[in-house]
Amino acid sequence: MFLNTYTDSIDFNAAREWIHTTLSGVMPAWGVTLTECVLVGLCLLLGYALIALALIYIERKVCAFFQCRLGPNRVGPYGTVQSVADMVKMLIKELIHINHVDQFLFNLAPFIVIISSVLAFGCLPFAKGLAVLDFNVGIFFLMAASSIGIVGILLAGWSSNNKYSMIGAMRSGAQMISYELSIGLSILTMVVLSGTMQLSEIVERQSEVWFLFSGHIPALIAFLIYLVAGTAETNRGPFDLPEADSELTAGYHTEYSGMHFGFFYLAEYLNLFIVAGIATTLFLGGWMPLHISGWEGFNAVMDFIPSIVWFLAKVGVVIFVIMWFKWTFPRLRIDQLLTLEWKYLLPLSLLNLLLMTLVVALGLYF
Amino acid sequence: MMELTLQQAGFAFLSAVILVFSVMTVTTRRIMRSATYLLFVLFATAGIYFQLDYSFLGAVQLLIYAGGIIVLFVFSILLTRSQREKDPVRRRKVVAGLLTAGVGAVLCGGLLCTHLFGPSQLSEGEIEMHRIGYAMMGTGKYQYLLPFEAISVLLLACIIGGVLIARKRK
């Protein structure tokens, strides 16, 4: 098949092998493993920070355009260095010591949140040959890793010893636990279609048609459910009532200052990226280029674009849609939020799972 | 040889984490910290599963225990926290605790002495998801559909019980 010959114009496998052989030349095997682990970790954290900075800038600009404003435009050309300046400000801010709180838990909470987010980030297949954690239960592990974040948020709210934080944390916990069901079921629907949970395999099986098209109706329903539940899972508007600024000052991270607040902030934006990344991997073919069978010339042109560009572009589109939600819909009440999940989304996703199983069992997919 | 020692070092670290935090879970006076230490114990247990190359069980451990049970614990602490945290420990409780600990020690010691510990690594590498799926959902020998369904009925009963208790208060 012509599609399997897709060679990336940026070859990450070759780069990886080059690093491996160069390192093997100068140090013993365990040293190579150790150095590679450190390198991978550094790259991951660097990518994490850079993506967060980019997302913060994009969010401000998108928000500004939706509200007919200009957004940041003073620091650097078009305000592009604004989020870097903000990062520096946040790094040198004082960590304010708070009395009458459980210091240990108070300081631990942001780390739990950020670790869960980094773990989930590490699972994403960014490009051909560029995936850090690739288990055969990949997508399941990703869900497991991202579910740890809830504990961090609950601990943050409780240990702040503040009513607003507490209410924010309770809302957040209730919301994330509820919407995790819908996310899980829509992911399961796609796993039924793909027949594997390994993320690299899932991408590989979309080399001809993306799952959103090959799974037609059930895949489309799953995609819509996933987008709604994913928006809720990241605590973003219209589901941002855990930190509803006008009611709870800032929800669970009211009491945090300096870089501890920065961790929550980073994790929030990266969770947005992770949700969009999972949507891309499961529904939009991951880093696979767009192929239309029969259009050889078109496919060849599409193959020319590097896979990481494909991935980032698709993630960008999903992120834009989620940002669009935030600046378009008004915030929900907590009872409306839970009604939406338990009375509409959950039964719908269960039915959809059944539909997808029927489609796969009868071979009705493309 | 080096790999073996790396493996052993990892195991030693994880077991140390499990032991230390298990003791801290039961000795701390603050219930929220207790839940957090338990979280660390469960993380380290998941780490051991990953070390055994059984990533499915590791992910389940993270998802169910760390992401589910601990969140449930924290939620119930948030909802039911009372001011009785600083109660002095009564003598009868001490005696009962020591007795239970003694029984536990005898049981664990007996198991440790009589059990043969096999190789700590799966010989065939990572188990395929399909095999786990068939084992869980099959009806043949060494397949677990019936226990699976029985447990789901138990959970259903728990949910109904919970709803009943929650409704009575109103």
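Residue indices begin from 1 for each chain and proceed along its sequence in written order. By the order in which they are written, chains take letters starting at A while ligands take numbers starting at 1. Where totals are concerned, whole chains, interfaces and linings use all residues; where local detail is concerned, this predicted model gives features only for residues with pLDDT of at least 70, and gives and counts side-chain atom pairs only at 80 or more.

A. Geometry of the interface of chain B and chain A. The interface is formed by 22 residues belonging to chain B together with 25 residues belonging to chain A. Each helix is a run of H or I in the DSSP string that is no shorter than four residues. Each strand is a run of E no shorter than two, and both are numbered from the N terminus. Take the side of chain B that touches chain A: its biggest share by element is twelve residues, from helix H3 (residues 55-80) of chain B. Gly falls in the polar group here, along with every residue not listed as nonpolar (Ala, Val, Leu, Ile, Met, Phe, Trp, Tyr, Cys, Pro) or charged (Asp, Glu, Lys, Arg). For the side of chain B that touches chain A, the per-class residue count stands at 15 nonpolar, three polar and four charged. Residues are defined as contacting one another if the C-beta atoms placed from their backbone atoms lie within 7 Å.

B. Representation of helix H7 (residues 163-194) of chain A in the model. Helix span, expected: 1.5 Å multiplied by one less than the number of residues in the helix. Here H7 of chain A is 32 residues long and its end C-alpha atoms lie 45 Å apart, about the 46 Å a rise of 1.5 Å per residue gives. Looking one or two places after H7 of chain A, you find Gly195 of chain A, whose phi comes out positive at around 75°.

C. Up close: the nonpolar core. Ranked by size, the top nonpolar core spans 112 residues in total, and within it Val151, Leu270 and Phe273 of chain A carry the most contacts. If near-sequence neighbours (up to four positions away) are discounted, Leu270 of chain A is found in contact with Tyr48, Ile51, Ala52, Ser117 and Phe121 of chain A. Here, a nonpolar core denotes buried Ala, Val, Leu, Ile, Met, Phe, Trp, Tyr and Cys residues that are linked to one another through C-beta atoms within 7 Å. A residue is called partly exposed when the number of other C-beta atoms within 10 Å of its own lies between 12 and 20, exposed at 12 or fewer, and buried at 20 or more, with C-beta atoms placed from the backbone.

D. Spotlight on the confidence of the model for chain B. Each residue gets a pLDDT score, which is the predictor's confidence in that residue and runs from 0 to 100. Of the residues in chain B, 86% have a pLDDT of 70 or more, and the chain-wide mean is 82. Reported confidence for the predicted complex is 0.79 by ipTM and 0.85 by pTM.

E. Expanded view of unusual backbone geometry. Residue and element names in this part refer to chain A. With phi around 55°, Cys68 is a residue other than glycine that occupies positive phi space. Residue classification places Cys68 among the exposed positions, given that 6 C-beta atoms sit within 10 Å. One non-glycine residue, Tyr78, lies in the positive phi region at around 55°. Checked against the element boundaries, Tyr78 lands in the loop between helix H2 (29-66) and helix H3 (82-92).

F. The environment of Gly215 of chain A, seen in detail. Residues and elements named next belong to chain A. Considering the arrangement of structural elements, one finds Gly215 in the loop between helix H9 (211-214) and helix H10 (216-233). Sequence separation of Gly215 and Tyr365 is 150 residues, and the distance between their C-alpha atoms is 5.5 Å. Contact partners of Gly215, with chain neighbours within four places excluded, come to Leu193, Met356 and Tyr365.

G. Main features of the packing of helix H5 (residues 138-147) of chain A against H3 of chain B. Axis separation between H5 of chain A and H3 of chain B bottoms out at 8 Å; the angle between their running directions is 30°. Taken together, the axis directions place H5 of chain A and H3 of chain B in an arrangement best described as roughly parallel. At the point where H5 of chain A passes H3 of chain B, the crossing takes the left-handed sense. Across the interface between the two elements, Phe140, Phe141, Met143, Ala144, Ala145 and Ser147 of chain A of H5 of chain A pack against Ser55, Ala59, Leu62, Leu63 and Gly67 of chain B of H3 of chain B. Residues of the contact of H5 of chain A with H3 of chain B, tallied by class, amount to eight nonpolar, three polar and no charged. Axis geometry follows a simple rule: fit a line to the C-alpha atoms, using only the stretch in contact for helices, then measure angles between N-to-C directions, giving values from 0 to 180 degrees. By the definition adopted for this analysis, an angle is roughly parallel if under 35 degrees, roughly antiparallel if over 145, roughly perpendicular if from 65 to 115, and oblique otherwise. If you view the pair so one helix is near and one far, a crossing is left-handed when the near helix is turned anticlockwise from the far one by less than a right angle, and right-handed when it is turned clockwise.

H. The domain arrangement of chain A, seen in detail. All names here are of chain A. Domain extents, as shown, originate in an automatic or database domain assignment. If you check the domain split of chain A, you get domain 1 (10-92) and domain 2 (95-361). Taking only C-alpha atoms into account, the centre of domain 1 sits 20 Å from that of domain 2. For the side of domain 1 that touches domain 2, the secondary-structure elements that each account for two or more residues are helix H1 (12-26), H2 and H3. For the side of domain 1 that touches domain 2, the leading source of residues is H2, giving eleven residues.

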